[in-house]
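Given next are the chains, with one letter for each unit.
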Amino acid sequence: MITWQVAADGPLRSLDERVELRIVGHAPRVLTDHLSDLGSTQVALPVLAAAVAYALWRGRRFAALYAVLAMVTVPVLVSPLKALIDRQGPLTEAGGFYPSGHTATAMVAYCGAALLLSPDLKRRWAMPVALALTLATGIGLVLRGYHWPLDVIGSWCLCGMILLPFSLRNTRRSSSRTPTG
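Residues numbered from 1 in each chain as written. Predicted model: local features only at pLDDT ≥ 70, side-chain atom pairs only at ≥ 80, totals over all residues. Heavy atoms only, no water.

A. Highlighting the overall build of the protein chain. For the protein chain, the helix and strand inventory stands at 8 helices and 0 strands. Listing every helix and strand of the protein chain by position from the N terminus yields α-α-α-α-α-α-α-α. Its C-alpha atoms give the protein chain a radius of gyration of 17 Å, within 12% of the compact-globule value 16 Å for 181 residues. Over its C-alpha atoms, taken along the principal directions, the protein chain stretches across nearly 55 × 35 × 25 Å. Burial status across the protein chain gives 45% buried among its 181 residues. Within the protein chain, counting contacts between residues at least 6 apart in sequence, those at least 24 apart form 76% of the total. Approximately 9,800 Å² of the protein chain is accessible, and the part contributed by carbon and sulfur atoms is 67%. (Helix = DSSP H or I, 4+ residues; strand = E, 2+ residues; numbered from the N terminus. Rg over C-alpha atoms; globule rule 2.2 N^0.38 Å. Buried < 20%, exposed > 50% of the residue type's maximum accessible area, 1.4 Å probe, protein only. Contact = heavy atoms within 4.5 Å. Areas by Shrake-Rupley, 256 points an atom, 1.4 Å probe, with all protein chains shown as cover.)

Okay, here's the thing in structure tokens:
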């Protein structure tokens, strides 16, 4: 529905643009720059790579492979959508802003890393941290004026679908284990 509203210039897109134009620039630029950078490949991919290495060390080859494939899927899906929708950015005449690639990179890298780490963690802190980093990235991108809110929300929805099979498999695997000691 979000993609349709953005592509068809629907009422949700109009609301999206009004909201963005009211909130853009209402946070310190240094903060929004740092939050936006959380979705860059230079920041997010090393986090995922470390989690993949850990999963391989623990003998979870399939999980590590799925996390890598999920990350590879991001540009495979996001780039054609950006070209097809060709949405203009909030503070530029340039197009190709929907969906947000930085948001997609952040969500798949951080949530994928959390899914790789979670079977070994006594406390389930990894996923809340991953979601907080993903949310912070989106907020930074919107407040900085790099993306409209729907660009970010559309990426969250897309990446939720990318990560869902991994999450379901991880949940089944964790629940099938019997607790020890």
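Right, picking up where we left off after that structure.
B. Fine view of the pattern of salt bridges. Inspection of every chain in the model, using the stated rule, returns 7 salt bridges. Its salt-bridge partner being Arg-13, residue Asp-9 comes within 3.6 Å of it at the nearest N-O pair. Taking relative accessible area as the criterion, Arg-13 reaches 16% and is therefore assigned buried. Connected via shared salt-bridge partners are Asp-9, Arg-13, Asp-16, Glu-17, Arg-87 and Asp-151. (Salt bridge = Lys/Arg side-chain N within 4 Å of Asp/Glu carboxyl O.)

C. A look at helix 6 (residues 101–117). The end-to-end C-alpha separation of helix 6 is 24 Å, in line with the 24 Å expected for 17 residues at 1.5 Å each. Of all the 17 residues making up helix 6, 15 are buried; the element is thus mostly covered by neighbouring parts of the structure. (Expected span 1.5 Å × (residues − 1).)

D. Structural context of unusual backbone geometry. At the junction of Tyr-98 and Pro-99, the peptide bond is cis and its omega measures out at -10 degrees in the coordinates. With a phi close to 55 degrees, Asp-9 is a non-glycine residue in the positive phi region. As for its position among the elements, Asp-9 is in the loop between helix 1 (2–7) and helix 2 (11–23).

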